[in-house]
Amino acid sequence: MPRTPDNHPDAPQQFAASRGAPLTAHVNVEPSIFNGMTTTEAKVIAAAALAACLFMGAIVTTFTGLWQVMLMLAIFGPMAVLWFSSTWLARIKRGRPDGYYTQYLHLWAARRGWVRCRFIGHEGWWDLGRSFEGSLASALRPPREVRRDSHGQSPADTHHRPD
């Protein structure tokens, strides 16, 4: 195999990117930071996990009187939730285009009426606003072709012909 700048062992790192997907394909995509999870996803999950862990810690603290339990849950709970949710999101994202699950969740919430749909989400048809004299509908059964003889007459015409 001849040596090229891409497969040379001492090739600079600038050529390493040319072997994978082109860099222009990743310009508008938020980069992954943790097991395929983006920064925005990690912030939302961490905030929800912190709130839930603080709430659970407050309940445990009221029953036991140990404020250290709330502190430990607030510190280690969101870390565990982030780890498991990142692996779960990686399974969801695998083999799908960028932004698939966010669009899916948005359409799911729009179907329930929680948010306004940003996409064309109704079933129907487009109209040009013009009228048309004829019909564009096709028959389910096309008309039978009538065989004609060499004189251009059908067999039905020969039976009803007066002599």
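For the structure itself, consult the block above.
### Looking at the nonpolar core
Judged by nonpolar contacts, Met37, Ala42, Leu82, Leu89 and Tyr101 together constitute the single largest core of 5 residues. Every residue in contact with Met37, bar those within four places of it in the chain, is listed here: Ser32, Ala42, Ile45, Leu82, Ser85, Ser86, Leu89 and Lys93.

### Topic: a nonpolar patch on the surface
On the surface, Trp67, Leu71, Met72, Ile75, Phe76 and Met79 cluster together into a nonpolar patch covering about 630 Å² of accessible area. Of note, Trp67 is situated in helix 2 (residues 67-93). Classification of Trp67 by relative accessible area gives exposed; the value is 52%.

### Side note on the side chain of Glu41
With respect to the helices and strands, Glu41 occurs in helix 1 (residues 39-64). For Glu41, a relative accessible area of 12% puts it in the buried group. Within the structure, Glu41 has its side chain in polar contact with the backbone nitrogen of Thr38 (distance 2.9 Å). Setting aside residues up to four positions removed in sequence, Glu41 forms contacts with Gly36, Leu89, Lys93 and Tyr101.

Criteria and thresholds
- Residues numbered from 1 in each chain as written.
- Predicted model: local features only at pLDDT ≥ 70, side-chain atom pairs only at ≥ 80, totals over all residues.
- Heavy atoms only, no water.
- Core = buried A, V, L, I, M, F, W, Y, C linked by side-chain atoms within 4.5 Å.
- Buried < 20%, exposed > 50% of the residue type's maximum accessible area, 1.4 Å probe, protein only.
- Contact = heavy atoms within 4.5 Å.
- Patch = residues over 30% accessible without salt bridge, like charges linked within 9 Å, V, L, I, M, F, W, Y side chains within 5 Å.
- Areas by Shrake-Rupley, 256 points an atom, 1.4 Å probe, with all protein chains shown as cover.
- Salt bridge = Lys/Arg side-chain N within 4 Å of Asp/Glu carboxyl O.
- Helix = DSSP H or I, 4+ residues; strand = E, 2+ residues; numbered from the N terminus.
- Polar contact = N/O pair within 3.5 Å; in protein donor to acceptor, adjacent residues only side chain to side chain.

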